[in-house]
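Each chain, written out:
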Amino acid sequence: MTLHVPVVAAPHLKRLRQFIADLADVIDEGEDEAAVLAAGEVLLKRLVAVDDWLPEAYAQPHPDHYQQYLLHCDSRERFSVVSFVWGPGQATPIHNHTVWGLVGILRGAERVESFRTDTNGSLTLTDDSVLRRGEVEAVGPDIGDIHRVSNGADGVSVSIHVYGANIGAVRRSIFRPDGTTKTFISGYANPTLPNLWNTSEP
Ligand code: FE
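Below is a short write-up of the structure. (Residues numbered from 1 in each chain as written. Predicted model: local features only at pLDDT ≥ 70, side-chain atom pairs only at ≥ 80, totals over all residues. Heavy atoms only, no water.)

It is worth spelling out the coordination of the iron ion at this point. All of the protein donors around the iron ion are H95 (NE2), H97 (NE2) and H147 (NE2); their distances to the metal are 2.1 Å. In primary sequence terms, the donor set of the iron ion follows H-x1-H-x49-H. Of this pair, H97 sits in the loop between β3 (94–95) and β4 (101–107) while H147 sits in strand β8 (residues 146–151), and the two are 50 residues apart along the sequence. (Donors = N, O, S within 2.8 Å, 3.2 Å for Na, K, Ca; no water. Helix = DSSP H or I, 4+ residues; strand = E, 2+ residues; numbered from the N terminus.)

What follows is the structure, encoded as structure tokens:
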């Protein structure tokens, strides 16, 4: 008699591993921010085009607020890869990044409101758009670094973000409606990371 052991399909983490290797190659080239964003956009579009690699533990919403799960941080903290998970109606405050960033939509949709600061310090809305599954958008000090992101779908949305630093450790700013700012360091929701390096798995 043959014993049938149930097999749970392993997520295809090799896609994430390949993305990280390809992005490290791009950064090794030492190009400027615009070149990194252009090349990174191509890579991130490829990563979010297929939704079979993100482990469920990093796609879990929180009932009260969005979640920010670190998936990988470069050993020299030159970049980090994060999954953002949005329950219905959840949103960030208006914030900046201080480093380049790319946002790619894996599931659902995301509304992105972009702002610029005027000389008197007030904020002006410059764009309000919805990113849909498979789409990628860039942010950064050279191209517009202040935005508010919210869930643009009825159910749970998941987006994959890439930043030019260990973003959870970066000191940055929240912009309040009264015109004042507050410094924050976001951290991450997860105490452990996906194991990308078990290459004996298919
Ligand atoms: Fe952001």
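What follows covers the side chain of N96. Among the secondary structure elements, N96 is positioned in the loop between β3 and β4. Look at N96 and you get buried, because its relative accessible area is 12%. Of the polar contacts made by the side chain of N96, one reaches the backbone nitrogen of S173; its length is 2.8 Å. Excluding residues that lie within four positions of it along the chain, N96 makes contacts with D145, I146, R172, S173 and F175. (Buried < 20%, exposed > 50% of the residue type's maximum accessible area, 1.4 Å probe, protein only. Polar contact = N/O pair within 3.5 Å; in protein donor to acceptor, adjacent residues only side chain to side chain. Contact = heavy atoms within 4.5 Å.)

Let's shift gears to unusual backbone geometry. In this structure, E77 is a non-glycine residue whose phi angle is positive, near 55 degrees. Mapped onto the elements, E77 comes out in the loop between β1 (67–73) and β2 (80–86). Owing to a relative accessible area of 44%, E77 belongs among the partly exposed residues under this scheme. Phi at T98 takes a positive value of approximately 75 degrees, unusual for a residue other than glycine.

One open sheet holds the 5 strands; their spatial order is β1-β2-β9-β4-β7, and the pairing between them is antiparallel. On the outer flanks of this sheet lie β1 and β7 (136–139), each paired with one strand and no other. Direction aside, the axes of adjacent strands within the sheet are offset by 25 degrees on average. Here 7 bridges tie β2 to strand β9 (residues 157–163), and the two strands are oriented antiparallel to one another. Looking at β9, one finds that S83 is bridged to I160. With respect to the sheet, helix α1 (residues 14–28) is in contact with β1, β2 and β9, its orientation differing from that of β2 by roughly 135 degrees. (Pairing = 2+ DSSP bridges. Axes fitted to C-alpha atoms, helices over the stretch in contact; angles between N-to-C directions.)

Right, let's get into the nonpolar core. Counting residues in each nonpolar core, the largest one holds 31 residues, and the members touching the most others are L16, F19, L44, W100 and I160. Contributing elements (two or more residues each) for this core: α1, α2 (33–48), β1, β2, β4 and β9. When near neighbours in sequence (up to four residues on either side) are disregarded, F19 contacts L43, L44, L47, V81 and V162. Listed in part, the 10 residues of the second largest apolar core include W86, Y163, A165 and V170. (Core = buried A, V, L, I, M, F, W, Y, C linked by side-chain atoms within 4.5 Å.)

We now examine α1. A rise of 1.5 Å per residue sets the reference length of α1, with its 15 residues, at 21 Å; its end C-alpha atoms lie 21 Å apart and thus fit the reference within 8%. When we look at burial in α1, the residues that qualify are L16, R17, F19, I20, D22, L23, A24, V26 and I27. Looking at the buried positions of α1, the neighbouring elements they touch are α2, β1, β2 and β9. Two residues or fewer past α1, G30 is found with a positive phi of approximately 75 degrees. (Expected span 1.5 Å × (residues − 1).)

Function cannot be inferred from these measures alone, as they are strictly geometric.
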